[in-house]
Amino acid sequence: MRKILNISLPEELAEEIRREVKDGGFASVSEFIRAALRVYREEIILRREHRELRVHKEFQKKKAFQLKSMRDLM
C-alpha cells in the first residue's frame, strides 16, 4: 500500500531533483525520493555496524569505555 506525502523543499533543491528526473536519471520525482531514502537507510545501517564493530573491538582489547547513551548499546 502506498501513502502520499507532501513535502516542502527549497526551490534550488526541487529544481535539482527535477533536473535529475529530466536528464533521465530517474523515472519520476517520487522515484528520486525513494532512491534517496534507500541510500539514507543504507547509511544508517553502515553507521550502526561501524558502531557495533567499534564496541566489539574495545571489548576484545579489554579496554574500558564510557557509554554516552543507551544508543551506544544498539
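It should be emphasised that the depicted structure is a prediction, and the values quoted were computed from it without experimental measurement. (Residues numbered from 1 in each chain as written. Predicted model: local features only at pLDDT ≥ 70, side-chain atom pairs only at ≥ 80, totals over all residues. Heavy atoms only, no water.)

(A) Representation of a negative patch on the surface. Taken together, Glu-12, Glu-16, Glu-20 and Asp-23 make up a surface patch of like negative charges. As for its position among the elements, Asp-23 is in the loop between α1 (11–22) and α2 (29–61). (Patch = residues over 30% accessible without salt bridge, like charges linked within 9 Å, V, L, I, M, F, W, Y side chains within 5 Å. Areas by Shrake-Rupley, 256 points an atom, 1.4 Å probe, with all protein chains shown as cover. Salt bridge = Lys/Arg side-chain N within 4 Å of Asp/Glu carboxyl O. Lys, Arg positive; Asp, Glu negative; His and termini not counted. Charge placed at Lys NZ, Arg CZ, Asp CG, Glu CD. Helix = DSSP H or I, 4+ residues; strand = E, 2+ residues; numbered from the N terminus.)

(B) Seen up close, the packing of aromatic side chains. Summed over all chains, the structure comprises one aromatic pair. Look at Phe-26 and Phe-32: their rings are 5.0 Å apart centre to centre, the planes differ by 80°, and that puts the pair in the edge-to-face class. (Phe/Tyr/Trp six-rings, centres within 6.5 Å; stacked < 30°, edge-to-face > 60°.)

(C) Up close: α2. With 33 residues, α2 extends 48 Å from end C-alpha to end C-alpha; this agrees with the ideal 48 Å at 1.5 Å per step. Of all the positions in α2, only Phe-32, Ala-35, Val-55 and Glu-58 are classed as buried. Elements that come into contact with the buried residues of α2 comprise α1. (Expected span 1.5 Å × (residues − 1). Buried < 20%, exposed > 50% of the residue type's maximum accessible area, 1.4 Å probe, protein only. Contact = heavy atoms within 4.5 Å.)

(D) Seen up close, the pattern of salt bridges. Per the stated rule, a full pass over the model turns up five salt bridges. The closest approach of N and O atoms between Glu-15 and Arg-18, which form a salt bridge, is 3.1 Å. A residue pair is termed a helical-turn pair when its members lie 3 or 4 positions apart in one helix, as Glu-15 and Arg-18 do in helix α1 at three residues. A relative accessible area of 33% means that Glu-15 is categorised as partly exposed. On the basis of relative accessibility, which here comes to 39%, the residue Arg-18 falls in the partly exposed class. Residue Arg-38 pairs with Glu-31 through a salt bridge whose shortest N-O separation is 3.0 Å. With relative accessibility at 41%, the residue Arg-38 sits in the partly exposed group. For Glu-31, a relative accessible area of 24% gives the class partly exposed. Taken together, the salt bridges that share partners define one network made up of Glu-11, Glu-15 and Arg-18.

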